[in-house]
Amino acid sequence: AAAAAGEAAAGAEGGEEEEEGLVPEAVESILEQLLSGLRDSDTVVRWSSAKGIGRITNRLPLELADDVVGGAVDLLAPDEQASAWHGGCLALAELARRGLLLPARLPEVLPRVVSALHYDVPRGTTSVGTHVRDAACYVCWAFARAFDAAVMAPHVAQLAQSLLVVVTFDREVNVRRAASAAFQENVGRQGSFPHGIEIVTRADYFALGSRPNAYLRVAPFLASLEEYRPMLLRHLLEVKSRHWDESVRLLAAQAAARAAPLAPEWTVEVMLPALCKRALSLDLKERTGAVHMAAEVLLALCRARHAGSGAALPPELRKAISGVVPAVEKARLYRGRGGEAMRGAVCRMLEVCAAVRMPCGPKAALRSLASLDDSIKHPTEQISLAAVAALRQLSRAYFSEGGGSTGGGSRAAGSGQGAGGGGEDAGGGGAAGGGEAGQAPLDLVARYAIPLGKDPNAGLRRGHALALGALPSPQLRASLPAAVEALVQASRPEAVAELRDPETRRNAISALVELSQTAGLVATGSEGGLTTPLFLEIFEACLDAFGDYQTDNRGDVGSWVREAAMHAALPLLRLATPPEHGAPGSIGDSHAAQLSPPPEGEAEAEAEALQAALPSLCQRLAAALSQQAVEKIDRVRELAAVSLSALLSEKRLPAVARALELRRIFVHDPSDSTCTAPATSADFLVPAVCFGVTAPLLALSEYRLPALRGLSVSAGGLTESTLRGARAALDKHLTGAPRRHLQCVASDLLLLLRQHRREARLALPLLRTTEHLLEARVFEALLGEPLPAEGEAEAEGGGEGE
């Protein structure tokens, strides 16, 4: 019996061992379904499949579990879809969390995870791969918890570099933050990541929330660490310079400009030559990104290592850079799809080449100028602005002499390789503005002023207006009256209604300010600058722009001109004030800082005439701003309030009438109990707040008429929120007001009705406002009484508030 019992027990033990080594067939079929679920198009299915694989594999024998791991790794293959990559990463993370991913698998798994960290497949105007990169960060986070430091030590460098590339340069904020969390987990648990604590402190959750901050602040800090600099620079060069998103390419160019000077030899020998070769790539994204990055890196490198001079670069590199623009134009890359993006990149390259004073002969400079002329008149505003910025640098570098001769920078190194030239201009030390010997010097003012007044092309007039303001001081001073006259005419509405273009008038106002700052004023000590009559003509044009109310299918487009006038007025007035002790006598570029004064008699006469006109100019500006501060467009009200506050705070300008009362309305002063000005300018965007603050302008006789005109437009308009706020403020201010004040307001209202009876823009709102005030019985006390005449109302109103 005992022997039989022993045999039975031995048989039972053998059966248990067989059961342990036997996995039911149903489990195998379930695992196959779960592995196929990792490829499913639905994220929920992939996530559930990864969870199921982790739980089942945790109960399998070692060999079978390793086979499951191999199946998940096989999903991270180049021929698989994005869904398979995502599912594979989720499965690997779940397996690693449970300790099922053995150390022996790391050399095979880690390179594929690194590929998943950079997975980004363009699809039309977007890309696929954000979820894959996010899941790959989850895998890296799981590695930190699954393996000891000794196991991860051989892979730390590769993992750290790959994670930091994602931390700084990924397009999506959630992926950057996920990579940061994975890096932080590895630093805390592995402890062998170079500079780990310092990086975790800088690249935190909030620092990575802004893409520009990640590219332009966090990335340069990481590039300053030698262990990570090569990987970051290579990624910018090979990946981000050809990214599908234009904004990312531009940010990558700026990031490269901040990091590349830290590795000058590599930048000169590898980066810049590679970018110059890609400028003719068939891929639009690659060639525009290459030109932008080459320009930014060139500028940063020259400023950091060569004192801003491009002449110190190796001759082969100068030749390659000089050949980029001619090669692009020869290949006709401005035409067809992407031509606009290429124009913008080329303009930036020309601007940088001129800024670093690349050696340039006269023919090359003229070719660059002709190239910019084509872009200046482009109808796309962004391209026109880029071309004007390039012209600003090009004219100062190669056309800065009064007669248009090449500046000193053009003859540096005597090589003739320059802003867009070729080898045929070698030794070009002649006059870039004059072309061949014996020709008349190039007059850039006439080049842009004449078409500005005649050409019907709106794009050309917009660009030429800005171009006149961008010219250097010697060119302007040679033909200053012609430049001022052309811009003043361009700032006024065209006689032919079909030719009226608000962008041209806006640009002309902005150019007048830049021109004035560049040339300076004779009255303040700038030799050859603006005379007082020319300055007064410029300021009159600025004041006239406050009356621009053109409308079209885009709405009140005249508001663009009025905003430009508000931006321009105070800088113009500041130019007219004598410089403070120790301050430069002219605001502008270095060409305007020629402070050897003209003969004393002329300077004194100019200064006296200017100082005599300043009080009137300030008063008229304050009245114009008071009208804009109560009109119906929110952003115009805010800008007018900010401008008027700045005018009242300017101590070097003559005080305007009723300055104290105006300060109480527009300048916030917590120490003044009578001050009603809001704490922030944003309150002027809210009709319910701003009209209640500005309604007391009606009590100031000097500002009553413009303020009533603006309030009537708001109270008689069609926008419900503005209408309610303006009417409530009028009712509150006039209800219970003194009889004399009501008489003055009523008289001015009738005056406005008579003045604007033929202008529908003003006549209808004025009638609606009058109707509302009569219905509200505001003027009931005046019924049956004759209103004072215009002169009497002014006389009576002059004593109010005194």
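Refer to the structure presented above.
Just so you know, these numbers come straight off a predicted model, no measurement behind them.

## Things to note about the overall build of the protein chain
In step 1: From N to C terminus, the protein chain includes 37 helices and two strands.
In step 2: Put simply, the protein chain has 802 residues, and 53% of those count as buried.
In step 3: The contacts in the protein chain between residues at least 6 apart in sequence include a share of 72% that link residues at least 24 apart.
In step 4: Put simply, the protein chain shows about 34,300 Å² of open surface, and 54% of that area lies on carbon and sulfur atoms.

## Points about the nonpolar core
In step 1: Counting residues in hydrophobic clusters, the biggest one holds 242 residues, and the most contacted among them are Phe143 and Phe666.
In step 2: Apart from the residues lying within four places of it in its own chain, the contact partners of Phe666 are Ala629, Ala641, Leu644, Ser645, Leu648, Ala677, Phe684, Thr694 and Leu697.

## Some points on the side chain of Arg46
In step 1: Relative to the helices and strands, Arg46 resides in helix α3 (residues 43-57).
In step 2: Look at Arg46: it is buried, it has no salt bridge, and the nearest opposite charge is Asp40 at 5.7 Å.
In step 3: Looking at Arg46, its side chain comes within polar contact range of the main-chain oxygen of Asp40, at 2.6 Å.
In step 4: Polar contacts involving the side chain of Arg46 include one to the side chain of Thr43, which spans 3.1 Å.
In step 5: Residue contacts for Arg46: discarding those within four places in its chain leaves Gly37, Leu38, Asp40, Ser41, Ser83, His86, Gly87, Leu90 and His131.

## A few points about the packing of helix α9 (residues 156-169) against helix α10 (residues 173-190)
In step 1: In the contact formed by α9 and α10, the axes pass within 7 Å of each other and the chain directions differ by 150°. Between α9 and α10 lies a crossing of left-handed hand. Contact with α9, carried on its side by Leu159, Ala160, Leu163, Leu164, Val166, Val167 and Thr168, involves Val175, Arg176, Ala179, Ser180, Ala182, Phe183 and Asn186 of α10 and no other residues of that element.
In step 2: Per-class residue counts for the contact of α9 with α10 are 10 nonpolar, three polar and one charged.

## Observations regarding the packing of aromatic side chains
In step 1: If you walk through the whole model with that rule in mind, you get nine aromatic pairs.
In step 2: A cation over a ring is seen here: Arg177 above Tyr205, with NZ or CZ 3.8 Å from the ring centre.
In step 3: The ring of Tyr334 carries Arg343 above its face, with NZ or CZ at 4.5 Å from the centroid.

## Considerations on the environment of Ser309
In step 1: Here Ser309 lies in the loop between α16 (284-305) and α17 (315-322).
In step 2: A relative accessible area of 25% means that Ser309 is categorised as partly exposed.
In step 3: With 45 residues separating them in the primary sequence, Ser309 and Ala354 have C-alpha atoms 9.8 Å apart.
In step 4: In this structure, Ser309 is in contact with Cys302 and Val356, ignoring residues within four places of it in sequence.
In step 5: Engagement of the side chain of Ser309 in a polar contact is seen with the backbone nitrogen of Ala311, the distance being 3.3 Å.

## Focus on the side chain of Arg562
In step 1: Mapped onto the elements, Arg562 comes out in helix α28 (residues 558-575).
In step 2: Residue class for Arg562 comes out buried when judged on its relative accessible area of 1%.
In step 3: A polar atom in the side chain of Arg562 sits 2.8 Å from the backbone oxygen of Asp548.
In step 4: The contacts of Arg562, once residues within four sequence positions are left out, are Ala545, Phe546, Asp548, Tyr549, Asp556, Gln628, Glu631, Ile633 and Val636.

## Things to note about the environment of Gln158
In step 1: Tracing the chain through its elements places Gln158 in helix α9.
In step 2: Accessibility expressed as a relative area gives 35% for Gln158, which makes it partly exposed.
In step 3: Distance in space between the C-alpha atoms of Gln158 and Pro111 is 8.7 Å, their sequence separation being 47 residues.

## Considering unusual backbone geometry
Comment: phi is negative for the bulk of residues other than glycine, and the bulk of peptide bonds are trans.
In step 1: One non-glycine residue with positive phi stands out, namely Arg332, at about 55°.
In step 2: Examined against the element boundaries, Arg332 turns out to sit in the loop between α18 (324-330) and α19 (339-355).
In step 3: Residue Arg332 is classed as exposed on the basis of its relative accessible area of 54%.
In step 4: Residues other than glycine seldom take positive phi values, yet Arg658 does so here, at roughly 55°.
In step 5: For Arg658, a relative accessible area of 12% translates into the label buried.

## Considering the packing of α28 against helix α30 (residues 634-649)
How two helices sit against one another is set out by the angle between their axes and by the gap between those axes.
In step 1: For the pair α28 and α30, interaxial distance at closest approach is 10 Å and the crossing angle is 10°. Accordingly, the angle class assigned to the pair α28 and α30 is roughly parallel. Between α28 and α30, the contacting residues are Ser559, Trp560, Arg562, Glu563, Met566, His567, Leu570, Leu573 and Arg574 on the first element and Arg635, Val636, Leu639, Ala640, Ser643, Ala646 and Leu647 on the second.
In step 2: Classifying every residue of the contact of α28 with α30 by side-chain character gives nine nonpolar, three polar and four charged.

## Digging into helix α31 (residues 659-666)
In an α-helix, one turn spans 3.6 residues, which is why side chains three or four residues apart end up on the same side.
In step 1: Regarding α31, the residues found buried are Leu662, Ile665 and Phe666. Mapping the buried residues of α31 onto a view down its axis gives an arc of 80°, with all of them on the same face.
In step 2: Of the surrounding secondary structure, the elements contacted by the buried residues of α31 are α30, α32 (687-694) and α33 (701-715).

Rules of the game
- Residues numbered from 1 in each chain as written.
- Predicted model: local features only at pLDDT ≥ 70, side-chain atom pairs only at ≥ 80, totals over all residues.
- Heavy atoms only, no water.
- Helix = DSSP H or I, 4+ residues; strand = E, 2+ residues; numbered from the N terminus.
- Buried < 20%, exposed > 50% of the residue type's maximum accessible area, 1.4 Å probe, protein only.
- Contact = heavy atoms within 4.5 Å.
- Areas by Shrake-Rupley, 256 points an atom, 1.4 Å probe, with all protein chains shown as cover.
- Core = buried A, V, L, I, M, F, W, Y, C linked by side-chain atoms within 4.5 Å.
- Lys, Arg positive; Asp, Glu negative; His and termini not counted.
- Salt bridge = Lys/Arg side-chain N within 4 Å of Asp/Glu carboxyl O.
- Polar contact = N/O pair within 3.5 Å; in protein donor to acceptor, adjacent residues only side chain to side chain.
- Axes fitted to C-alpha atoms, helices over the stretch in contact; angles between N-to-C directions.
- Left-handed = near helix turned anticlockwise from the far one by under 90°.
- Nonpolar A, V, L, I, M, F, W, Y, C, P; charged D, E, K, R; others polar.
- Phe/Tyr/Trp six-rings, centres within 6.5 Å; stacked < 30°, edge-to-face > 60°.
- Lys NZ or Arg CZ within 6 Å of the ring centre and 35° of its normal.
- Parallel < 35°, antiparallel > 145°, perpendicular 65-115°, else oblique.
- Arc of directions from axis to C-beta.

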